[in-house]
Amino acid sequence: MEQKRFYLSDTDKKIAGVCGGIGEYFNIDSLLVRVAFVLFMFSFGGGLLAYIVLWLCAPHKNGL
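Below is a summary of the structure that appears in this document. As the structure is a computational prediction, the values presented were derived from the model and not from experiment. (Residues numbered from 1 in each chain as written. Predicted model: local features only at pLDDT ≥ 70, side-chain atom pairs only at ≥ 80, totals over all residues. Heavy atoms only, no water.)

**Let's talk about the pattern of salt bridges**
Considering all chains together, one arrives at one salt bridge under this definition. Close ionic contact of D12 with R34 constitutes a salt bridge, the shortest N to O distance being 3.4 Å. On the criterion of sequence distance, the pair formed by D12 in the segment before α1 (18–26) and R34 in helix α2 (residues 30–43) is long-range, its members being 22 residues apart. Given a relative accessible area of 26%, D12 falls into the partly exposed group. Taking relative accessible area as the criterion, R34 reaches 18% and is therefore assigned buried. (Salt bridge = Lys/Arg side-chain N within 4 Å of Asp/Glu carboxyl O. Helix = DSSP H or I, 4+ residues; strand = E, 2+ residues; numbered from the N terminus. Buried < 20%, exposed > 50% of the residue type's maximum accessible area, 1.4 Å probe, protein only.)

**Description of the nonpolar core**
Counting nine residues, the largest nonpolar core is built from L8, A16, V18, C19, I22, V33, F37, Y51 and A58. Put simply, the parts of the chain that give this core at least two residues each are α1 and α2. For this core, the element with the highest residue contribution is α1, accounting for three residues. If we ignore the near neighbours within four places in the chain, the residues touching L8 are A16, G17, V18, L54, W55, A58, P59, H60 and K61. (Core = buried A, V, L, I, M, F, W, Y, C linked by side-chain atoms within 4.5 Å. Contact = heavy atoms within 4.5 Å.)

**Some thoughts on a nonpolar patch on the surface**
Residues I15, V38, M41, F42, L48, I52, W55 and L56 make up a contiguous nonpolar surface patch of about 840 Å² in total accessible area. Listed by contribution, the elements that provide at least two residues to the nonpolar patch are α2 and α3 (47–57). Relative to the helices and strands, L56 is located in helix α3. By relative accessible area, which is 70% here, L56 ends up exposed. (Patch = residues over 30% accessible without salt bridge, like charges linked within 9 Å, V, L, I, M, F, W, Y side chains within 5 Å. Areas by Shrake-Rupley, 256 points an atom, 1.4 Å probe, with all protein chains shown as cover.)

**So, the side chain of S30**
With respect to the helices, strands and loops of the structure, S30 is situated in helix α2. For S30, a relative accessible area of 7% translates into the label buried. Beyond its immediate sequence surroundings of up to four residues, S30 is in contact with D12, C19 and G20.

The analysis is restricted to geometry; functional conclusions fall outside its scope.
Quick look at the structure:
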């Protein structure tokens, strides 16, 4: 059984593929993830920081 891992999405991305990757990992629509990041950014201020950290730390599926 293959271990499930989080990767930046190469196909479903608007900026870096973070939300698309989260959507693929949890098998949900990436639009819901994008809306959650925007709401988190405006309500708590941490959405942008979380997005940047995931962008810098998450691997690409093809290893780039």
